[in-house]
Amino acid sequence: MCGIVGYIGREEAAPVLLDGLARLEYRGYDSAGLAVFSQQDGLKVVKAKGRLKVLADMVQGGRTIHGTVGLGHTRWATHGEPSDVNSHPQVSASGRIAVVHNGIIENYVEIKEFLQAKGIKFVSQTDTEVVAQLLEYYYEGDILDAVSKVLSRIQGAYAFGIICADCPDRLIAARKDSPLILGYGEGFHFLASDVTAVIKYTREVCYLEDGEIAVLTADKATVYDAYLQPIEKEKHHVDWEVSAAEKGGYEHFMAKEIMEEPKAFRDTISPRIHNGHVVLDNLNIDGAYLEQIDKIYIIACGSSYHVGVVAKYIMEKTLRRPVEVTLASEFRYCQPLVTQHTLAIVISQSGETIDTLAAMREARRLGARILSIVNVVGSSIARESDDVLYTWAGPEIAVATTKAYSTQLALIYLITLRFAELLGTIEQGEYDKIVAELLLIPTKMEQILNNKEAIQYFASIYFNHDSVFFIGRNIDYAIGLEGSLKLKEISYIHSEAYAAGELKHGTISLIEDGTLVVALASHTALFEKLMSNVVEVKSRGADVIGLTVESKGDEMKKTVDSAILVPDTHPMLVPSLDVIPLQLFAYYVALMRGCDIDKPRNLAKSVTVE
Ligand code: F6R
């Protein structure tokens with residue numbers, strides 16, 4: 001989604017803004033722009049469709065555009081095609097007010113017509129230009145007052161950065177339903193979509209809440225509520241290193257992040273296992289509460305939803321309680337059966353996915369208690385939850401999630417174990433066995449990664465296929481969903497995941513000579529059943545890659561064309577090992593097809609529009 005960065009201080013703003021935008025590139029975008037103010041040149045705006053490099057070249061890395069205050073933006077088109085004119089910053093007709101925006105203004109048509117009736121001409125198709133023009137309309141010498149009037153008139157989601165040439169000693173920030181942070185420094189301040197844009201310059205940040213407005217000068221940051229009353233904001237110290245958001249010698253962030261999975265998994269579980277016992281410090285849920293719940297709802301999107309599908313299998317089996325997993329984008333519109341006895345587990349890497357956030361708010365309105373699993377500290381979902389458990393994966397930059405997915409799974413195991421203990425639905429021996437195996441997962445992940453060339457070899461055999469089917473049963477099916485998504489999103493190969501038993505009910509008609517099928521059979525209890533499905537697709541000409549645990553390897557090799565083996569582990573934990581070869585397979589296939597792996601077409605890292 002769009003990336004925003006604003007700087008006010010004593011340095012030349014343009015190079016700082018370009019650097020911040022480069023760090024936000026991972027969010028996904030199709031055009032970029034800058035607005036910088038100087039006394040000589042006034043408010044200068046430069047915008048370009050395409051990669052940030054096009055913009056950076058236009059301004060020679062920032063050397064041709066001077067001034068110590070400015071805004072930068074990477075746009076992910078919603079209203080109006082990607083083009084120079086639709087890029088942000090959008091400026092008012094007089095050219096004195098510039099706005100960068102992430103989100104969607106829902107009533108922009110009505111406001112546009114109102115302004116057009118007053119004779120105001122529009123040059124772009126964007127909803128953001130409407131905001132710039134409306135600001136100008138309300139502006140009577142006090143930009144904060146104009147901002148406040150505009151905010152009370154518009155509907156929708158927004159994070160804004162605003163600059164006015166009449167008062168270039170300040171930047172204005174405002175948010176509702178789209179993330180925006182402030183960064184504090186000695187003699188400078190930032191506004192930005194997320195911490196990665198500012199971490200090189202400062203580790204002191206605050207997270208704006210919905211309805212808040214901030215006025216930044218070089219030396220001061222004042223935050224106001226919606227009624228323009230100043231409020232105190234808590235500052236947060238960001239403790240991860242700048243290098244965590246850099247490639248560190250890898251060709252792609254995705255490759256780096258896959259290699260980081262053992263560490264991320266270890267960092268997420270180790271501090272939460274004390275002497276063989278799961279301790280979830282931030283979880284204020286006890287046995288009495290769990291005893292009276294009627295249902296666990298798991299709400300998420302994309303890969304986080306796929307973690308939810310694994311969780312449903314694991315939790316229902318272990319807790320003997322109904323668990324429903326639902327896509328956040330559907331939740332609000334399906335009249336969900338939520339009561340005051342419902343626990344909603346909300347899963348999100350970014351903590352800002354708008355559908356997940358909205359579904360979470362709806363679940364709360366209906367009475368549910370919210371437990372969230374989030375990676376980005378201080379994000380909206382984390383802040384609005386009753387309980388939050390952080391995945392300590394560090395920043396994830398590649399659009400396709402890998403280490404965040406793995407750490408979300410890690411927390412699902414820990415929550416399941418803790419709940420099972422509180423509910424008394426697990427034998428001590430079984431509990432101990434799972435905890436012991438859990439601690440071995442990072443080492444087993446390393447074993448798989450040490451042998452990644454084998455996956456690279458399989459990718460070299462199969463990368464030319466145009467259509468792939470992932471089949472599995474039970475949690476193997478859940479992992480297939482993720483393997484399939486990973487492959488399609490970065491390699492653009494058409495790919496689907498099916499519960500293997502469903503093949504005969506339609507899909508098998510698509511299997512023909514040379515169709516690639518990835519058969520997941522690590523859930524050993526269903527190994528034979530899955531292998532029958534493999535025989536069915538093989539006899540119709542499919543090429544089959546099989547994935548199973550080492551102890552079933554010899555048996556599988558008799559039937560499949562290529563076999564990928566992962567170390568044996570407890571059945572509940574198999575997804576954490578299976579997913580790694582599937583992520584590697586998607587990565588190498590995309591590499592061989594020459595795809596833009598870290599920034600796949602049309603995708604954004606943090607989806608902050610519905
Ligand atoms: C796929 C991927 C997406 C996200 C989805 C939810 O690789 O990353 O499917 O999982 O957009 O995002 P979060 O977890 O940030 O809510």
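Quick caveat, the model's predicted, so the values are computed rather than measured.

> Any chance you could break down the overall build of the protein chain for me, citing the residues and the numbers?
Counting secondary structure elements, the protein chain contains 19 helices and 27 strands. Against the 2.2 N^0.38 benchmark of 25 Å for 610 residues, the protein chain shows a C-alpha radius of gyration of 25 Å, consistent with a compact globule. Summarising its shape, the C-alpha atoms of the protein chain cover approximately 75 × 55 × 45 Å along the three principal directions. The buried share among the 610 residues of the protein chain stands at 61%. The long-range fraction of contacts in the protein chain, counting pairs at least 24 apart against all pairs at least 6 apart in sequence, stands at 72%. Entry remark: accessible area of the protein chain is about 22700 Å², with carbon and sulfur atoms responsible for 49%. Separation of charge centres in the protein chain, based on 59 positive and 80 negative side chains, amounts to 1 Å.

> Tell me about the sheet that holds strand 19 (residues 323-327), and name the residues and values.
Remark on secondary structure: sheet strands pair via backbone hydrogen bonds, oriented parallel or antiparallel. Pairing is parallel across the open sheet formed by 5 strands, whose spatial order is 19-18-20-21-22. The sheet is open, and its two borders are formed by strand 19 and strand 22 (387-390), each paired with just one other strand. Direction aside, neighbouring strands of the sheet carry axes that sit 20° apart on average. In terms of strand pairing, strand 18 (residues 295-300) meets strand 20 (residues 342-348) through 5 bridges, oriented parallel. Its bridge partner lying in strand 20, Ile296 is registered against Leu343. Across the sheet, helix 11 (residues 354-365) lies against strand 18, strand 20 and strand 21 (369-374), angled at about 170° from strand 20, the strand it touches most.

> An account of the environment of Glu106 is requested, with residue identities and associated values reported.
Among the secondary structure elements, Glu106 is positioned in the loop between strand 6 (97-105) and helix 3 (108-117). What makes Glu106 exposed here is its relative accessible area of 58%. As for Glu106 and Tyr29, which are separated by 77 residues in sequence, their C-alpha atoms are 21 Å apart. If we ignore the near neighbours within four places in the chain, the residues touching Glu106 are Gln155 and Gly156.

> Give me the lowdown on the packing of aromatic side chains, citing residues and values where you can.
The way to describe two aromatic rings as a pair is by their centre distance and the angle between their planes. Summed over all chains, the structure comprises 11 aromatic pairs. An angle of 90° between the planes, with centres 5.3 Å apart, marks the rings of Tyr297 and Phe331 as edge-to-face. Taken as a pair, Tyr297 in strand 18 and Phe331 in helix 10 (residues 328-331) lie far apart in primary sequence, 34 residues in all. With a relative accessible area of 3%, Tyr297 lands in the buried category. Here Phe331 falls in the buried class, since its relative accessible area comes to 0%. Seen from the ring of Phe114, Arg153 lies directly overhead, with NZ or CZ sitting 4.2 Å from the centre. When the ring centre of Trp392 is taken as origin, the NZ or CZ atom of Arg272, which lies over that ring, is 3.7 Å away.

> Which residues make up the nonpolar core, and what values go with them?
As a rule of thumb, nonpolar side chains are buried together in soluble globular proteins. Counting 97 residues, the largest nonpolar core has Phe419 and Phe585 as the members making the most contacts within it. Core analysis: the next-biggest nonpolar cluster, separate from the first, contains 32 residues, Ile97, Phe122, Leu144 and Ile162 among them.

> Residues and numbers for the sheet that holds strand 25 (residues 516-520), please.
Strand order in this open sheet of 5 strands is 24-23-25-26-27, and the pairing throughout is parallel. Of all strands in the sheet, those bounded by a partner on one side alone are strand 24 (494-499) and strand 27 (562-566). Within this sheet the neighbouring strands show an average axis-to-axis angle of 20°, counted without direction. Note that strand 23 (residues 467-472) and strand 24 share 6 bridges and pair parallel.

> Which residues make up helix 11, and what values do they have?
Across its 12 residues, helix 11 extends 16 Å between first and last C-alpha, which sits within 8% of the 16 Å expected from 1.5 Å per residue. With 9 of 12 residues buried, helix 11 lies mostly within the body of the structure. Those residues of helix 11 not exposed but buried are Ile354, Asp355, Thr356, Leu357, Ala358, Ala359, Met360, Glu362 and Ala363. Buried residues along helix 11 sit in contact with strand 18, helix 10, strand 20, strand 21 and helix 12 (380-384). Immediately downstream of helix 11, the backbone of Gly367 shows phi near 115°, a positive value.

> Account for the site of the ligand, with residues named and values stated.
In the vicinity of the ligand lie 14 residues, with Ser304, Ser348, Gln349, Thr353 and Glu489 positioned nearest. Ser304 places a side-chain nitrogen or oxygen 2.6 Å from an oxygen atom of the ligand. Among the elements of the structure, helix 9 (302-319) and helix 16 (475-491) are those that each provide at least two residues to the shell around the ligand. Of the residues assigned to the shell around the ligand, the class counts are 4 nonpolar, 8 polar and 2 charged.

> Which residues make up the pairing of strand 27, and what values do they have?
Summarising burial for strand 27: 4 of the 5 residues are buried, a large majority. The sheet contact formed by strand 26 (residues 543-549) and strand 27 spans 5 bridges and is parallel. Its bridge partner being in strand 27, Leu547 is matched across the sheet by Ile564.

> Residue-level account of the packing of helix 15 (residues 452-462) against helix 19 (residues 574-592), with values.
The N-to-C vectors of helix 15 and helix 19 enclose an angle of 50°; their axes lie 8 Å apart at closest approach. Relative to helix 19, the element helix 15 is oriented oblique. Crossing hand, helix 15 versus helix 19: right-handed. Taken together, the residues of helix 19 that come into contact with helix 15 (itself represented by Lys452, Ile455, Gln456, Phe458, Ala459, Ser460 and Tyr462) are Pro581, Leu584, Phe585, Tyr588, Val589 and Met592. Within the contact of helix 15 with helix 19, the residues separate by chemical class into 10 nonpolar, 2 polar and 1 charged.

So, how was this worked out
Residues numbered from 1 in each chain as written. Predicted model: local features only at pLDDT ≥ 70, side-chain atom pairs only at ≥ 80, totals over all residues. Heavy atoms only, no water. Helix = DSSP H or I, 4+ residues; strand = E, 2+ residues; numbered from the N terminus. Rg over C-alpha atoms; globule rule 2.2 N^0.38 Å. Buried < 20%, exposed > 50% of the residue type's maximum accessible area, 1.4 Å probe, protein only. Contact = heavy atoms within 4.5 Å. Areas by Shrake-Rupley, 256 points an atom, 1.4 Å probe, with all protein chains shown as cover. Lys, Arg positive; Asp, Glu negative; His and termini not counted. Charge placed at Lys NZ, Arg CZ, Asp CG, Glu CD. Pairing = 2+ DSSP bridges. Axes fitted to C-alpha atoms, helices over the stretch in contact; angles between N-to-C directions. Phe/Tyr/Trp six-rings, centres within 6.5 Å; stacked < 30°, edge-to-face > 60°. Lys NZ or Arg CZ within 6 Å of the ring centre and 35° of its normal. Core = buried A, V, L, I, M, F, W, Y, C linked by side-chain atoms within 4.5 Å. Expected span 1.5 Å × (residues − 1). Near = heavy atom within 4 Å. Polar contact = N/O pair within 3.5 Å; in protein donor to acceptor, adjacent residues only side chain to side chain. Nonpolar A, V, L, I, M, F, W, Y, C, P; charged D, E, K, R; others polar. Parallel < 35°, antiparallel > 145°, perpendicular 65-115°, else oblique. Left-handed = near helix turned anticlockwise from the far one by under 90°.

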